[in-house]
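So the chains spell out like this:
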Amino acid sequence: MAAADTDRDPPSALCSEFLDFSAKDTASRWLAAADLQQEVYRHLAVYVPRILCQGLSGGSREEQREELGCQLLLLAPLEWFLLGEEPAAGLASLQERNQPSPLCGHVFKVGEPTYSCRECAADSTCVLCMKCFLESVHKDHRYRMTTSGGGGFCDCGDAEAWKEGPYCQKHTPTDGSRDSQKDPVTQLPPDIVARGYSIFYIILKYAVDLLTWEQEVQLPAGLEPPERGDTYYCMLFNDEVHTYEQVIYTLQKAVSCSHKEAVSFATTVDRDGRKSVRYGDFQFCEQAKSVIVRNTSRQSKPLRVEVMHSSVVAHQCFALKALSWLGQILQYSDGLRRILCQVGLQRVPEGEKPSLVDRLMLNDSKMWKGARNIYHQLLMNSLLMDLEYKKIFAIQFAKNYRRLQTDFMEDDHERVVSVTSLSVQLFTVPTVARILMVEENLMTTIIRTFVDHLRHRDLQGRFQFDRYTAQQAFKFGRVQSLIGDLKYILISPPSDWSHQLRLKFLEGFNAFLELLKCMQGMDPVVRQVGQHIEMEPEWEAAFTLQMKLTHIISMIQEWCSTDEHVLIEAYKKCLSTLSHCHSSLPDGEQPISLSLAGHCVDTFRYQVSQDKVSIHLPVCRLLAGLHVLLSRTEVASRFPEQLPLGELSPHLLIELPLRCLVLCAQVHAGMWRRNGFSLINQIYYYHNVKCRVEMFDKDVIMLQAGASMMDPNHFLMIVLSRFELFHIFSSADIRKRYREANKDLVQQNTLIEEMLHLIIMVAGERYVTGVGQVEPFDEVRREIIHQLSIRPMAHSELVKALPENGNKETGLERVIDSVASFKKPGVTGRGLYELRSEWNKCFNLYFHHYSRADQSKAEEAQRKLRRQNAEDTALPPPLPPPLCPLFGSLVNLLQCDVLLAVEGAVLQWAVEPSGGGWTESMLQRVLHLVGMALLEEQQQLENSSGDDDVTFNYTCKITRPGEAPGTSGSVLALLESLQNAPHLEVHKDMISWILKMVRNIKTIRERTSSISTITINHGRMLEETVRDKDKAERKKKAEMARLRREKIMAQMSEMQKHFINENKELFQQSMEELEASTSAAEHSPPNSEFTCTSQVCVGPRRVGGAERRQLVTCILCQEEQEVRGHGRAMVLAAFVQRSTVLSKNRRRNLPDPDHHDSLFMHPDLSLGIHTASCGHIMHATCWQRYFEAVQLKEQRRQQRLRGHTSYDVENGEFLCPLCECLSNTVIPLLPHKATPDHSIDHPSLEVWLKMTSQQIAAVNSSHRTQSDGTAEGAEPAGPEGFRVNHTPRNLFSSSISEMMTTFSMSAYKVGLKVNPNEQDQRVPVLSWSTCAYTIQSIERLLMDEGKPLFGSLPCRQDDCLSSLTRFSSACWTSAPLKTVHAHFIRLFAVLVPNLQVEDTPCILDIDMFHLLVYSVLSYSSLHSLDQSGQSFVDSAHVHILHLVTLAHLVQILLTSITEEVCMDQDSGGSEEEELTCQLYSTLRKHLGSVLPEVSSGWQLWNCVKAGILPFLRAAALFFHYLNSSVPPADLLAAGPAQWEALCSYLSLPSNLLLLHHSQVSQLEPLMHRWCCHPGVRQMLQGGGVMVRFPRESNRLIDLPEDYSVLINQASSFTCPRSGGDKSRAPTLCLVCGAMLCSQSYCCQTEVDGDDVGACTAHTFTCGAGVGLFLRVRESQVLFVAGKTKGCFYPPPYLDDYGETDQGLKRGNPLHLCLERYRKIERLWRQHGIAEVIGHAQEANQTLVAIDWQHL
Ligand SMILES: [Zn+2]
Ligand SMILES: [Zn+2]
Ligand SMILES: [Zn+2]
Ligand SMILES: [Zn+2]
Ligand SMILES: [Zn+2]
Ligand SMILES: [Zn+2]
Ligand SMILES: [Zn+2]
C-alpha cells in the first residue's frame, strides 16, 4: 500500500472509505448472501460511479487514484471471495498447482519482431516471439523475421505448428507434468471451483452486458446508482472517415480547448476508439455534441458523438478493468482458466440464449476499439490457450462465421481490431481446420460468403467490376480477407482422408467452381479499330481477384493430388463446369473446313481480331492443372475406365486458351494499340510471375494436353487459323504473300514469329511434373539457370523472378548452390549469384518465361560467353527431358507434315529474301524447331534397342522434296543452300550444327541397322576433327583481334563521353576514399633541401612559398591564370555548414544568434562551422556569371512548377559546374606568404610582450579618444615607428576584396544563422572560426584513421585548407581596423591578463586552438600600424604559439588529471617528468586542494603529452597552410618520431615544459593570474561540464549485431507525447542514440515558424540542421539537411546474401556490416552528409518531392 502515503494529499471522501472498507468483510457478506449477483451488483452500483469517471481525467495522479480505488474497493473483494483467503497467499497456492499452458501465447505488440522457421513451420503464419525463438532450435535454421502488425500470438508449444522443435527451452514440458487429458478443474479445491463458477459468471455477464449496452442514460437492472447527479460526458467515437486535422479543428471549436489538448483527444480517439471530450451537466454536453455534429456533417456522415451519463461510462470503464482482471487471474491457474472457458461458452440456461462469448463476438462491430482489444486479449488468454476449448470455440466461431464477416463488411475499422482476425489462430491448426471443414462445412461457407459479397455481375452472371465506386472498392478490399481464411484452412493438405472429409471437400470444390465460373470470361475485350477507346476499362479488380486466388487454386490442386477418388471426382466436376461454360458461348460461329499439306480438319470461323475474347479462363486452367495431376499421379493409366476421357473434345479444350495466347501475340504485333493501356497491363500480368502459374503456364499446358490428344497436323492447322495466318501457308504461291494488299507486313511477320514460338513451347516445355518426367526440383533449377543466363543476380532478384507458393517459399535455396557460385558484396553493392559454366548447356533461347527483353539480353550474354570461350555461337536447343505417357504423342508435332510445310516455307523465304516478308527471327525459330526434332530423333535412336521402336524419322522426312506448294526443294536442301548465304552470317553456326546433327543421325541409323548393339555417345557429335580444330584456332585468333578492337572502341567512346562525367567519377573516387589520394606533395614537392630536420613552419626561421608560382585553370573558360594579390580574382567553390560533429556537449542550447559573443570558442566545441570544397577553381567573374544563370533558371523553373530543387538558390546554393558538388559560396585564392627577412633581429618574449602591451595601450587610448571625441590627456607613447592613425595600403585588387567579402558573409550568415550584415563586428571572427574548426576536424579524422599528418589528404581538401587559411589570414583587411584591434586586444587579454579588458573568460572556458588561430590571424592588424620597416610578425607568431601552448598545458593539468591517474606510483624520472611535477605543484600552490595530489611525474607527463598532441598537430597544419612551408619528412609518414618532428616543426622544444622553465620569471605572473580567475576555481569545484583532454573523437552510436534486437527495442518505444501509445515510425538518431517518434502528427513541433516532424526537429538540436537516422521499421538510413532536403541511404545491415532489406519486406535475418557502418560514420565525420543528399536528389528527382520536414 505504499502508493497511498506518497505525495498525495487526501483528495476526497474516498480516502476515509479506503480506511473503513474491508474487502474481507465484503467477501464474507457475499458468501452468506442468498442471491450473489444481487449482492455483487449492489456493491458495484454504489462504488463504481464513486471511484471511476469523476470528470475528465486530469493527469496521472487522477489515474493513480482511480486505479487504487478499483483495486481496493472493487477487485479485492472479488479476489477474497474467489480465494477464500488473503489474495496474495491464495494466488500463490493456486500457482503451485498450476500447470502452465504448453503454449507461450505471448500476444504481439505492433512492430514487435516475430520469427518463423522456413524449415520447420507448418505454414508461414506460425511464428515465435523473440524470447522463445532465441531459446529454440530454429535459431540455427533458415528463418524469416518480420514485424508484427499487432494481435496474434507466439505459437511456441503448439505441436501442430511445427514439424520439428515445437517447444523452446522454457516451454518444454517437464516430466513431472500432469496428463494433459485430465480435467484441470479437478485439481482445484472444490469450494474454489464452486465460487469460481459463480463469480466468473457474474463478472463476465456484467462485462458483456455493459460492453454491449446501447443506452446512454439507463443502466442494467440492479446497477442503478443510489443517487443520480446531473453529470454527463460528451463521448467522441472514432471513425475512419475524418482526418486528424478535421477532428482537431472541430474539437477546438466545440469544447474550446487548446490545440495541444485537441491533438491529445484526437490521438486517444484514434487509439482507443472513443474519448470523453467534455464533462458537465446534460445541457453543457449536448451543446458540444451539436457543434461537433454540425461541423463534421458537411462532406460526409458526421462524427459519432454521444452524451452519456457518467455512471454508464463508469460501469463500462470498470467492465474493461474487470475483463483485464479476469485475464490476470487466469495466469495463476489452468483450472480457473478452464472454468472461465466453460462459463464463457455455456449457453445461458434460460431459453437457450447464445453464450456470453457468442454475445461478445456478435456485437464486436458495435464496440469501440479499446473494448474490442481488451476482450480479444481475454479470449486469447483463455479460450485459445486451452487446447480443448480452442476447438469448441473454433466451432462456435465457424457457426457465426457468415454473420461475423457480414458485420465486418459493414464496419469501417481495420481488420486487426475485428474479431474476424482471430481466424488465423483457429483455422491454421490443421486438426481444427479438418473438424471445421467436416462438421461445419467451413470451406463451402467461406466460399459462399465470399461469392455473396461480390455482387457486381453481368448478364451471364460473371463478375463485373466495371465502373465500381471507391466505396465498393473498399468493400472489395475487405472481402479479400475471406480468401485469406480459405487459404488458412487449405494450407496443409490432409495425409489421410475420411469419407466425410472427401464429401465436404468436394462440396467446397463445387462451390469453388461456381466462383470460378463467375470469373470465366470476365472483362472480355474487343479489338478497337478506327479510333482509340474513350475510357480505359477497369481491369485491376479482376486481376486482384485472380492474384489472390492463385494460391488457393494451386492448393486445391494439391489437395486433389493426395487422393485418387477426390482427384477423379474433381476432374469430372471441373470438366462438366467447363462444358457448361462452353454451351453458353455464342452460336454464331460458322463451321469451316481447312486443308493443308494433304490434311483436312473441320473447325469454325472465329477471329480474335474481331470477336470478343477474355483473358480470364480459370475453369479451363483448373482443368489443365487437374489433367497434369492425372498424369503425375498415374491415375490416368491406372483407372482409365473411371475417367471421362472419351467425352473430352480436344478441339474445345484448346479453343479458349489458344484465343488468349493469340490475343497476346496480336498485342505484341501492335494490332491492339487502340485499346489502350489497360489491355497492355493485363497481358503483362498474364505473364507476370505473380499470376502466370495459374494463367499463362496453364494455357500452354492445356494446348499440350489438347495437342497430345489430336492429330498434330489438325492441331497446327487450327493454330494457324486462329493466328489468322492459314492463308499464307496454304496459298498457291507463298512467295507472293507480301504483295497482298491491305496487310501490315511487320504485323504479320511478328505474328508468324509468335506462332513459331508457341509451337516451340507446346512441343518443348516439359519441366512440369506430369508433363515431362521431371521433379519439382528440376523445374526450379531450370528457372534459376535461365534467370542467371541473363546476368548474375542478387538473391532477392531471383526470389522475385520465381513464383512463390502459399508459404512464400520458392524452393530457391535448395537449388541455388548446385548451379551458381556466390560472389560477396564489397562496401557498396550486393552479393551476386553467377551461373556456373557447366550449366550453360541447359540454356534454351526460347524459354517460355522470358519476356522479349529478357530473351534478347540472354541471347547476347550467351553469345558473348561462347565467343570468349572461343566456341561457336550456335545456341541449339538443350536436350529435353522425356515426356510422360499421357503427353507422349506431343513429339509428333515436331515431325508432322504441316510443320514441315511451315518450316519449308520460311526457309524458302530465307533463300530468296526480298521485300520485307521475312525476318531473321522467323528463321531462327525454324532452325530451333528443326534442332528440337533432330535431338528428339537422336534420343530415340540412342535409347532404342533396334530400329523398330524408333517412330521418329525426321531426317528422312526433311530429305523429301518440299511439301508446301511452291517450295523449290527439301528442307535439308534449303538448309544446305542457306549455309553459305552471306546475309545469314549470324545463323551460320546454328545451320552447321544442324547439318552436323543430320550427318550424325544418319551414321547412327546406318550403324544401328548393321550392328544394333553399339551405343552412341551423344558427345561424339561435338568432338572435333583435326580440320575443326584448325578452324577453331583461326576463329580464336579472329576472336582475339575482335575483342581487342572492341576494347579500343570502348575506350574511345569512353573518352568521348562528357568531360564532366569523367571528372565526376574522379571526384566520386576521392569522395569515397579519403585514403587513396595523395596530392599534398603536388603543390609542395618534398624537396630534399627542405626536408632536413630544421624545417620549421612558424617563426623567423621558416621558409615561405612565395617563390613558387601558382598557375591555375578556370574550369569554366579553361584559361590559365596566376594567383596574385592584385590579379584577377580566382575562387574555389565551397560549402559552408554548421557542425556538431566534434561536439562534446549535445545538451548545450544553440546560441542566440543576435547576442552570441563568438570570439571565444568553448572547449566543448558544441557548434562549429565547417568549410569543404570540391577543389574546383573558377575566375570570380566566370563564377558570378554562372551563378546568375542558375538564379535565372531557377526563377523560370519556379514559375513553371512548384517544389524544391536539390539546392536552395535563395540561400546562395549552387552545384559546382564541373562535379555538381553542392556549394554555397566561394573562397578567393591568395598568393603564398613570402619568406621572412632573416637579417633582422627578432625580439625575445620579454621584449615582444612589452612592445605589444605598449601598442595595445596606444591603440586603446586612441580608440577611447575617438569615441569620447576629446583629445585630452597625453597619449601613451607607442613603440618607435608605431602609428595609431596609419591606414595600411590595400594589398588586394578590388575583385579579390569583393570575393573576400563574399566568403566572409557566407561564414557569418551560415555560422550565426542571421541575415548578412557587413557592419557586424563578428564578421571576421566567423571566418577565423571556420578556418580553425575545419582544421581541427580534419586533424581528428587523420588521427583516427592512422594517417600521417601531411601528404595523405586528397587534393581537394588540401586545396580547401590552404586557400581557407590564407584567406582567413587576410580577411581582416576587409573589416574595419578598429574592430579587428578590439578583437585582438580581448584575445590577448586571455594570455596576458589586462585589467582594462572586461569579460575575459577563464582559460578553462576556451578552446586553445581557436585562441591560437584567432590571435595569430588578428595580430596582423596590429602589426600593420608598425611603420618601423621591420617585420616582427613571425616572431610574434612564435611567441603567441608558445604562450597558448603553455596555457593549454596548464588547462590540461587542471582538467585532465584524475584520481585514477594518481593511483599508479613509479620511481625515477626524466627531465620532462620532473619539470611536469614542478609545474603541477606550482599550480597546486595557486589553487590548493581542488587539484588532486599526484606524485608520479611519469603519469603527469603522459597525460600532458597525450592531451596536447591534437593541439600541436592542428597547429602544425595551420602554420603549414598559413606560411606555405614544406612539411618535414617524418610527418609525411605515420610512425614513430612524430613527437620530436612535430615540436621541431613548430619551433617548440620537444620537452614542452622548457617553455615554462626557461622563462619562469616572465611566465610565472601570467600563470598566477590565469589560476586566479574566479572561473577556474568555480569550474574545478564542479560548476559546469568539464572537458578533458585529449577530447575523445565522436563516433556514431554502437548498433547491435542482430537487427531484431533493434526492432525489439523500437517495439517497446512509445510516443513521448501521446501517453503510452506505440510509435508508428520509431527512428533512431545515429549521432546521439535518441529514439524518436517520426512521421507522426503527435510529435510535430514548430521550428522557425514551420511544423516539422520529430526527426527534423531533432536535427536542429542534435546536429545543427544535419541528421543521420535509422528508421527501424523500414531498415533504412535517413539523412536530413535543413527542412527541405533529405535522402534515404542503404542501411548497414545485410542478410546472408549480402543484400540490404529496405522496407523489411523479405524478412531474411539481418546482421550489422561494420564496414558499411564505418563508411556512414566517415561520411558524417567528413561532413559529407549534405553533399550525399545533394547528389541523391540530383540523381533522383522524386526524392525532391518527399516532404522531408515531416519525417
Ligand atoms: Zn513465445
Ligand atoms: Zn517458448
Ligand atoms: Zn526450424
Ligand atoms: Zn574563367
Ligand atoms: Zn567541383
Ligand atoms: Zn509521437
Ligand atoms: Zn541525436
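Please refer to the structure higher up on the page.
Conventions we followed
Residues numbered from 1 in each chain as written. Chains lettered and ligands numbered in written order. Predicted model: local features only at pLDDT ≥ 70, side-chain atom pairs only at ≥ 80, totals over all residues. Heavy atoms only, no water. Donors = N, O, S within 2.8 Å, 3.2 Å for Na, K, Ca; no water. Tetrahedral: all angles 85-135°; square planar, octahedral: opposite > 155°, others 65-115°. Helix = DSSP H or I, 4+ residues; strand = E, 2+ residues; numbered from the N terminus. Buried < 20%, exposed > 50% of the residue type's maximum accessible area, 1.4 Å probe, protein only. Contact = heavy atoms within 4.5 Å. Pairing = 2+ DSSP bridges. Axes fitted to C-alpha atoms, helices over the stretch in contact; angles between N-to-C directions. Salt bridge = Lys/Arg side-chain N within 4 Å of Asp/Glu carboxyl O.

Here the zinc ion (ligand 2) is held by the protein donor atoms Cys132 (SG), Cys156 (SG), Cys168 (SG) and His171 (ND1), which lie 1.9 to 2.3 Å from it. Coordination at the zinc ion (ligand 2) comes from 4 donor atoms whose angles at the metal span 99 to 115°, giving a geometry best classed as tetrahedral. In primary sequence terms, the donor set of the zinc ion (ligand 2) follows C-x23-C-x11-C-x2-H. Here the zinc ion (ligand 1) and the zinc ion (ligand 2) are spaced 4.2 Å from one another, each receiving a donor from Cys132. One end of the pair, Cys156, is in the loop between β2 (143–149) and α8 (190–211); the other, His171, is in the loop between β2 and α8, with 15 residues separating them in the sequence. Neither Cys156 nor His171 differs from the other in exposure class; each is buried.

Geometry sets the ideal angles at a metal, namely 109.5 degrees for four tetrahedral donors and 90 or 180 degrees for six octahedral donors. Around the zinc ion (ligand 1), the donor atoms from the protein are Cys104 (SG), Cys129 (SG), Cys132 (SG) and Cys154 (SG), and they sit 2.2 to 2.4 Å away. Coordination at the zinc ion (ligand 1) is tetrahedral, judged from the 4 donor atoms that bind it and the angles of 98 to 124° they form at the metal.

By the element assignment, Cys842 lies in the loop between β9 (832–835) and α36 (852–868). Spatially, the C-alpha atom of Cys842 lies 9.7 Å from that of Ser789, the residues being 53 residues apart in sequence. Apart from the residues lying within four places of it in its own chain, the contact partners of Cys842 are Ile785, His786 and Pro878.

Before going further, it helps to examine the pairing of strand β23 (residues 1685–1689). Side chains on a regular strand alternate between the two faces of the sheet. The buried fraction of β23 amounts to 4 of the 5 residues, a majority that puts the element mostly inside the structure. As paired elements, strand β22 (residues 1676–1681) and β23 share 5 bridges and run antiparallel to each other. Each bridged residue has a counterpart across the sheet, and for Val1677 the counterpart in β23 is Tyr1689.

The next thing to look at is the environment of Gly1707. Locating Gly1707 in the fold gives a position in the loop between β24 (1693–1694) and β25 (1711–1712). According to the relative accessible area criterion, Gly1707 is buried, its value standing at 0%. For the pair Gly1707 and Asp1695, spaced 12 residues apart in sequence, the C-alpha to C-alpha distance is 8.9 Å.

What follows is about the sheet that holds strand β13 (residues 1168–1179). Through backbone hydrogen bonds, the strands of a sheet pair up, either in parallel or in antiparallel fashion. Taken together, the 3 strands give an open sheet; going across it, the order is β13-β12-β16, and neighbouring strands pair in antiparallel fashion. Of all the strands in the sheet, just β13 and β16 (1225–1228) have a single pairing partner and so form its edges. With strand direction ignored, the average angle separating the axes of adjacent strands in the sheet is 40°. With 4 bridges joining them, strand β12 (residues 1130–1139) and β16 adopt antiparallel strand pairing. Across the sheet, the residue bridging to Leu1132 is Ile1227, located in β16. Here helix α47 (residues 1294–1312) sits on the sheet and contacts β12, β13 and β16; the angle it forms with β16, its principal contact strand, is near 130°. Against the sheet, helix α49 (residues 1355–1370) engages β12, β13 and β16, with an angle of about 105° to β13.

As enumerated under the stated definition, the model contains 59 salt bridges in all. The partner of Arg372 in a salt bridge is Asp364, and the shortest N-O contact between them spans 3.9 Å. Of the two residues, Arg372 and Asp364, both sit in the buried class. Its salt-bridge partner being Glu1339, residue Arg1340 comes within 3.2 Å of it at the nearest N-O pair. You'll find Arg1340 and Glu1339 in the same group, each marked buried. Each of the salt bridges in this network shares a partner with another, and the network as a whole consists of Arg118, Glu119, Arg142, Arg144, Glu809 and Glu813.

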